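# A look at the structure
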Amino acid sequence: QVQLVESGGGLVQAGGSLRLSCAASGRTFSTYAMGWFRLAPGKEREFVAATSWSATTRYYSDSVKGRFTISRDNAKNTVYLQMNSLKPEDTAVYYCAALRTFGAPMDSAYEYDYWGQGTQVTVSS
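One structure accompanies this document, and this report is about it. In this text the structure is predicted, and so the values were computed from the model without any measurement. (Residues numbered from 1 in each chain as written. Predicted model: local features only at pLDDT ≥ 70, side-chain atom pairs only at ≥ 80, totals over all residues. Heavy atoms only, no water.)

Moving on: the pairing of strand S3 (residues 18-24). Of all seven residues that make up S3, five are buried, and the element is covered over most of its length. In terms of strand pairing, S3 meets strand S8 (residues 78-83) through six bridges, oriented antiparallel. Its bridge partner being in S8, Cys-22 is matched across the sheet by Val-79. (Buried < 20%, exposed > 50% of the residue type's maximum accessible area, 1.4 Å probe, protein only. Helix = DSSP H or I, 4+ residues; strand = E, 2+ residues; numbered from the N terminus. Pairing = 2+ DSSP bridges.)

This is the structure in structure tokens:
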């Protein structure tokens, strides 16, 4: 069992930056791939970024590539999402998730086993 708690969301102006954190409980955190997804009003849940357990493989959606960076610190049981050059269209609730199955597609929300409660990110124009 893994429990995930996101933090770091808030209100920022367009062009600004935020760093989201996701703290995980459990001793097996380092064996999970981790992902970030977001949900905006009136839209479907969207994949943002993911990292393998070793951080050697990272994926990004086209909409955030070059602006967002996912990283993880297995010693601290934490995964991060550094968000730069934020745009109003980045406004959403951001969720981190843990994926247990090795080799499963990391951009598919349906593959993830555990989810956090989400943190709101609002980007004003």
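All right, on to the packing of aromatic side chains then. Aromatic ring pairs are defined here through the distance separating the ring centres and the angle between the ring planes. Applying the stated rule across the entire model yields five aromatic pairs. Summarising the aromatic geometry, the rings of Phe-37 and Trp-115 are spaced 5.1 Å apart at their centres and angled 55° between planes, so their arrangement reads as tilted. With a gap of 78 residues between them, Phe-37 in strand S4 (residues 33-39) and Trp-115 in strand S10 (residues 114-115) connect regions that are remote in the sequence. Both rings, one in Tyr-112 and one in Trp-115, keep their centres 6.0 Å apart while their planes meet at 55°; by these two values the pair is tilted. (Phe/Tyr/Trp six-rings, centres within 6.5 Å; stacked < 30°, edge-to-face > 60°.)

Let's shift gears to the state of the cysteines. On inspection of all chains with the given rule, the structure shows one disulfide. The residue that forms a disulfide with Cys-22 is Cys-96, at a sulfur-sulfur distance of 1.9 Å. Disulfide Cys-22-Cys-96: the torsion about the S-S bond is 45°, which places it as right-handed. Placement of the pair is Cys-22 in strand S3 and Cys-96 in strand S9 (residues 92-99), with a sequence separation of 74 residues. The burial state of Cys-22 is the same as that of Cys-96; both residues are buried. (Disulfide = S-S within 2.5 Å.)

Scanning all chains against the criterion turns up five salt bridges. For the salt bridge of Asp-62 with Lys-65, the shortest nitrogen-to-oxygen distance reads 3.3 Å. There is no split in this pair, since Asp-62 and Lys-65 are both exposed. Between Asp-90 and Arg-67 there is a salt bridge, and its shortest N-O distance comes to 2.8 Å. In this pair, Asp-90 is assigned in the loop between S8 and S9 and Arg-67 in the loop between strand S6 (58-60) and strand S7 (68-73), connecting sequence segments 23 residues apart. Summarising the burial analysis for this pair, Asp-90 and Arg-67 share the class buried. (Salt bridge = Lys/Arg side-chain N within 4 Å of Asp/Glu carboxyl O.)

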